[in-house]
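Now for the letters of each chain:
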Amino acid sequence: MQQLDSCKCDENQDRDLLHEKFHKSFRFEDTGRKKLAIVVPFRDRFDELLQFVPHIAAFLGKQGVPFHIFVVNQNDRYRFNRASLINVGFLQVRDGYDYFAMHDVDLLPQNDNLRYDFPERGPLHISGPEFHPKYHYAAFIGGILLLRIEHFQQLNGMSNRYWGWGLEDDEFYVRIKEAGLEVTRPKNITTGTNDTFLHVHDRLHRRRDTTKCFNQREVTRKRDRETGLSSINYTIHSRHELTIDGVPVTVLNVDLFCDKQKTPWCE
């Protein structure tokens, strides 16, 4: 694992010029391959990030996938909202990439046959239930999911109502099925739940926020037809360009807005 002093952050008053200068240093080669944006919803997981970045860079390097990592860090004081952070990340990358991955920072692929290829037909679920270390139900689409930019736009992204842990993926699965998109998963994977992925989440050190208050349990078990990309309310507090073990990473510090009349459980 890399030492803290090798993670370099440049700061400049002119953020746009800094961003442009940074990206010139790793312009994608014109290989004809589709470009992948890896969107990582994030809060207080720096140790895992230092492990994730070099691992995924080496893993995708073997596949020749042109990619860039965007860490969407929730900067506000509200409960963690994974789905909203993914929506924000998508809006920030959609104009420069062909497809994107919503990727948990604590799930590291181990099997080289897990191909992060462009999802031609529909969403590509890398961490299928037969391989995921923890979740094994048929409708599970969490962990690592790849989508074409136009498909996520078509679905209006994910629901913004899920403050705290859990269920946002299940609601998104319903959106996918209603839209008539087919979820595919990697084939010819001979490893199993113990050796396809490394799950680095320490459930004792990082307890999940599973609290349900007000009418949260009732509301979050229904299909949300109101919120998504079209309704996400946020600001970018700051943007930083880092290198971790020589791998370029963009960190977006995001402040989400909570309408307490509609989702009082955000606090």
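For the structure given in this document, a descriptive report is provided here. Fair warning: this is a prediction, and the values are worked out from it, not measured in the lab. (Residues numbered from 1 in each chain as written. Predicted model: local features only at pLDDT ≥ 70, side-chain atom pairs only at ≥ 80, totals over all residues. Heavy atoms only, no water.)

**Quick notes on the pairing of strand β7 (residues 144-148)**
Looking down a regular strand, the side chains alternate between one sheet face and the other. Of all five residues that make up β7, five are buried, and the element is covered over most of its length. Neither face of β7 is open: one carries Ile-144, Leu-146 and Arg-148, the other Leu-145 and Leu-147, and all of them are buried. Pairing between strand β4 (residues 99-103) and β7: five bridges, direction antiparallel. Within β7, the position partnered with Tyr-99 by the bridge is Arg-148. Bridge count for strand β6 (residues 124-125) against β7 is two bridges, and the pairing is antiparallel. By the bridge assignment for β7, His-125 is matched with Leu-145. (Buried < 20%, exposed > 50% of the residue type's maximum accessible area, 1.4 Å probe, protein only. Helix = DSSP H or I, 4+ residues; strand = E, 2+ residues; numbered from the N terminus. Pairing = 2+ DSSP bridges.)

**Some details on unusual backbone geometry**
One non-glycine residue, Asn-188, lies in positive phi territory at about 60°. As for its position among the elements, Asn-188 is in the loop between α5 (168-178) and β8 (197-199). Here Asp-245, not a glycine, exhibits a phi torsion of approximately 50°, which is positive. Along the chain, the position of Asp-245 falls in the loop between β9 (234-244) and β10 (247-256). Asp-245 gets classed as partly exposed once you look at its relative accessible area, which sits at 42%.

**Side note on the packing of aromatic side chains**
Scanning the entire structure with this criterion turns up 10 aromatic pairs. Linked through ring pairs, Phe-90, Phe-100, Phe-152 and Phe-172 together constitute an aromatic cluster. Just above the ring of Tyr-97 sits the side chain of Lys-35; from NZ or CZ to the centre is 5.9 Å. (Phe/Tyr/Trp six-rings, centres within 6.5 Å; stacked < 30°, edge-to-face > 60°. Lys NZ or Arg CZ within 6 Å of the ring centre and 35° of its normal.)

**Quick word on the environment of Asp-170**
With respect to the element layout, Asp-170 can be found in helix α5. Given the relative accessible area of 26%, Asp-170 is considered partly exposed. Through-space distance from the C-alpha of Asp-170 to that of Phe-140 is 6.9 Å; in sequence the pair is 30 residues apart.

**So, the environment of Thr-184**
Secondary-structure assignment places Thr-184 in the loop between α5 and β8. Judged by relative accessible area, Thr-184 falls into the buried class, the value being 15%. Among residues more than four places away in sequence, those in contact with Thr-184 are Arg-121, Pro-123, Leu-124 and His-125. (Contact = heavy atoms within 4.5 Å.)

**Side note on the nonpolar core**
Formed by 36 residues in total, the largest nonpolar core has its most connected members in Leu-36, Ile-38, Phe-52, Leu-60, Ile-69 and Tyr-116. Considering every element that reaches this core, the biggest residue donor is helix α2 (residues 46-63), with eight residues. Apart from the residues lying within four places of it in its own chain, the contact partners of Leu-60 are Leu-36, Ile-38, Val-65, Phe-67 and Tyr-116. Judged by nonpolar contacts, the second largest core, of 35 residues, contains Tyr-78, Val-88, Phe-152 and Met-158. (Core = buried A, V, L, I, M, F, W, Y, C linked by side-chain atoms within 4.5 Å.)

**Overview of the state of the cysteines**
Within this structure, the stated rule accounts for one disulfide. One disulfide bridge connects Cys-258 with Cys-266, the sulfur atoms lying 2.0 Å from each other. Given an S-S torsion of about -90°, the disulfide between Cys-258 and Cys-266 has left-handed geometry. In this structure, Cys-258 and Cys-266 share a single accessibility class: buried. (Disulfide = S-S within 2.5 Å.)

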